[in-house]
Amino acid sequence: MHGSPLRQGFREVFQDPALLLIEIAWRWAFGTVALLACVLVVVFGLKGVSVPTTALSSRSGIELAVLAQNFASTALLLGAALVRLLIVAVLFLAVAWTILSALGRRATLLRPALASGADLESCARISAIRALIAIGALVLWIVAGLFAGFVIAISGKAGPPNFWLAIPILVPVFLLLVGAWSILNWYLSLSPLFEEPGWFQCARRAWQLVRSRRDEALEITIVTSSIRLLMLVATFLLALAAGGLITNVRVLAFDLTAIALFYFAVADLVSLARLAAFAKLRDAEQQSHGQSIAVHA
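Keep in mind it's a predicted model, so treat the numbers as computed, not measured. (Residues numbered from 1 in each chain as written. Predicted model: local features only at pLDDT ≥ 70, side-chain atom pairs only at ≥ 80, totals over all residues. Heavy atoms only, no water.)

Undergrad: Whenever I open this one, the overall build of the chain confuses me. Can you help?
TA: Of the regular secondary structure elements, the chain holds 9 helices and 0 strands. Seen in sequence order, the chain has helices and strands lined up from the N terminus as α-α-α-α-α-α-α-α-α. Within the span of the chain, comprising 297 residues, buried residues form 31% of the whole. The long-range share in the chain, meaning contacts at least 24 apart out of those at least 6 apart in sequence, stands at 74%. (Helix = DSSP H or I, 4+ residues; strand = E, 2+ residues; numbered from the N terminus. Buried < 20%, exposed > 50% of the residue type's maximum accessible area, 1.4 Å probe, protein only. Contact = heavy atoms within 4.5 Å.)

See the structure below:
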């Protein structure tokens, strides 16, 4: 991989520590906001609600139907107030993601490794569209879950409900939604690299770059995905080892937090190197296009 775009991307990130710090700052800022939002949802959503636990406290071989009924009764107790709270939290996180992602990405695009790219308005539009796609996928998944519940309820009219009927419904929908979301999100994550008048033009340039540099794009994607997967497995094994060796709860919590933060930092490094690698492909494509115009002129 000597001289490959990905190796150059890692070199650019290591040579510019401020670039990585900016990336970590905006991503971890959103992570903090998301964590606080989840805590608030739990605190205010469960406030004053008595959750029945008798079905889970005394029997280890609990039937699936009893467990499902227990969770259903708990959901009914929480009621519409929790639904409204979740909707507000999701919308709030979407806005927070749009703002922090746009500001963070624009700040990284001002660094030499990624310059030049989309302006702040285009970055904000791209971030907003990524958030809307994620919300849309979540809504479709909820609709699929409701449909699966309806099918299970119908099956229970003639006897015990057949919960296995949900599998052929939810699994294909889940794979389809995850696949579509991953592809769209992947292309949109590359779109800010291009200096175009609008977000759609930026996304189209990303599509054209990947098509024209298919082999290099595939290499970058496979290598970075493999690195992140190996890091995830190593993090999981390290967490298991820490859980088996450390008995002090506070020390264990501190160690697990440190392990998680280290993984997130490495993941941000790999993502940024991937972006820098595609910036190298972008620059090479533009240089090749400029030379072609000069020759024909």
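Back to the text.
Undergrad: Explain the nonpolar core here, please?
TA: Most often, soluble globular proteins keep nonpolar side chains buried together rather than apart. Formed by 37 residues in total, the largest nonpolar core has its most connected members in Val13, Leu114, Leu193 and Phe278. Sorting the residues of this core by element identifies α1 (5-15), α2 (17-45), α4 (64-109), α5 (120-155), α6 (167-190), α7 (199-212), α8 (214-245) and α9 (249-296) as the ones contributing at least two each. Sorting elements by how many residues they give to this core places α9 first, with 11 residues. Among all residues touching phenylalanine 278, those that are not within four sequence positions of it are Trp186, Leu190, Leu193, Leu209, Val210, Ala217, Ile220 and Thr221. (Core = buried A, V, L, I, M, F, W, Y, C linked by side-chain atoms within 4.5 Å.)

Undergrad: Mind showing me how you'd approach the packing of aromatic side chains here?
TA: Any two aromatic rings considered together are summarised by their centre-to-centre distance and by the angle between their planes. Tallied over the entire structure, the rule returns 9 aromatic pairs. Measuring from centroid to centroid gives 6.4 Å for phenylalanine 10 and phenylalanine 14, while their planes differ by 25 degrees, and the two rings are stacked. Linking phenylalanine 10 with phenylalanine 14, this pair stays in helix α1, spanning 4 residues, or about one helical turn. The exposure class assigned to phenylalanine 10 is buried, which follows from its relative accessible area of 18%. Both rings, one in tryptophan 186 and one in tyrosine 187, keep their centres 5.1 Å apart while their planes meet at 85 degrees; by these two values the pair is edge-to-face. (Phe/Tyr/Trp six-rings, centres within 6.5 Å; stacked < 30°, edge-to-face > 60°.)

Undergrad: Even after reading the chapter, I still don't get the packing of α6 against α7, so can you show me in this structure?
TA: Two quantities define a packed helix pair, namely the angle between the helix axes and the distance between the axes. At their nearest, the axes of α6 and α7 sit 8 Å apart, and the two run at 100 degrees to each other. Considering the angle they form, α6 stands roughly perpendicular to α7. Here α6 contributes Trp186, Tyr187, Leu188 and Leu190 to the contact with α7, which in turn contributes Ala203, Ala206, Trp207 and Val210. (Axes fitted to C-alpha atoms, helices over the stretch in contact; angles between N-to-C directions. Parallel < 35°, antiparallel > 145°, perpendicular 65-115°, else oblique.)

Undergrad: Before we go on, may I ask you to explain a nonpolar patch on the surface in this structure?
TA: Taken together, the side chains of Val90, Leu138, Trp141, Ile142, Leu146, Trp164, Ile167, Val171, Phe174, Leu175 and Val178 make up a nonpolar region of the molecular surface, amounting to roughly 1000 Å² of accessible area. Those elements that provide at least two residues to the nonpolar patch are α5 and α6. Among the elements that make up the nonpolar patch, the one with the highest residue count is α6 (5 residues). With respect to the helices, strands and loops of the structure, leucine 146 is situated in helix α5. Leucine 146 sits in the exposed class, given a relative accessible area of 62%. (Patch = residues over 30% accessible without salt bridge, like charges linked within 9 Å, V, L, I, M, F, W, Y side chains within 5 Å. Areas by Shrake-Rupley, 256 points an atom, 1.4 Å probe, with all protein chains shown as cover. Salt bridge = Lys/Arg side-chain N within 4 Å of Asp/Glu carboxyl O.)

Undergrad: Teacher, can you tell me more about the pattern of salt bridges here?
TA: Opposite charge on two side chains permits them to pair, given that their charged atoms come into close proximity. In total, this model carries 10 salt bridges according to the counting rule given. Between glutamate 23 and arginine 27 there is a salt bridge; the shortest N-O distance is 2.7 Å. Taken together, the positions of glutamate 23 and arginine 27, both in helix α2 and 4 residues apart, correspond to about one turn of that helix.

Undergrad: I keep staring at unusual backbone geometry and nothing clicks. Help me out?
TA: Among all residues except glycine, the phi angle is most often negative; among peptide bonds, the trans geometry is most common. Geometrically, the link from alanine 115 to serine 116 is a cis peptide bond, its omega value of -5 degrees lying close to zero. Positionally, serine 116 belongs in the loop between α4 and α5.

Undergrad: Hey, could you run me through the packing of α1 against α8 in this one?
TA: Axis separation between α1 and α8 bottoms out at 9 Å; the angle between their running directions is 55 degrees. Between α1 and α8, the angle is such that the two are oblique. Contacts between α1 and α8 involve Pro5, Leu6 and Phe10 from the former and Ile220, Val223, Thr224 and Ile227 from the latter.

Undergrad: How do you make sense of the environment of alanine 102 when you look at a structure like this?
TA: Residue position: alanine 102 is located in helix α4. A sequence separation of 90 residues divides alanine 102 from proline 192, and the C-alpha atoms of the two residues are 9.3 Å apart.

Undergrad: Where do I start with α8 in this structure?
TA: Helical periodicity: at 3.6 residues per turn, an α-helix aligns residues three or four positions apart in one direction. The end-to-end C-alpha separation of α8 is 46 Å, in line with the 46 Å expected for 32 residues at 1.5 Å each. Here α8 has its buried residues at Ala217, Ile220, Thr224, Thr235 and Ala242. (Expected span 1.5 Å × (residues − 1).)

Undergrad: What should I look at first to understand the state of the cysteines in this one?
TA: Where two cysteines share a covalent bond between their sulfur atoms, that bond is called a disulfide. Inspection of the entire model under this criterion finds 0 disulfides. Looking at cysteine 123, it has no disulfide partner, and the nearest cysteine sulfur is the one in cysteine 202, 7.8 Å off. Accessibility expressed as a relative area gives 2% for cysteine 123, which makes it buried. (Disulfide = S-S within 2.5 Å.)

Undergrad: Can you help me understand the side chain of threonine 108 in this one?
TA: The residue threonine 108 is located in helix α4 in this model. In this structure the side chain of threonine 108 is engaged in a polar contact, spanning 2.7 Å, whose partner is the backbone oxygen of arginine 105. Setting aside residues up to four positions removed in sequence, threonine 108 forms contacts with Leu19, Ile22, Glu23 and Leu114. (Polar contact = N/O pair within 3.5 Å; in protein donor to acceptor, adjacent residues only side chain to side chain.)

Undergrad: Honestly, the confidence of the model for the chain in this entry has me stumped. Any pointers?
TA: Atomic detail in the predicted coordinates should be set aside for any region of low pLDDT. Per-residue pLDDT for the chain has a mean of 85; in total, 82% of the residues score no lower than 70. Below pLDDT 50 for its whole length, residues 55-62 participates in 8 contacts with residues either more than four positions away or in separate chains. (pLDDT = per-residue confidence, 0-100.)

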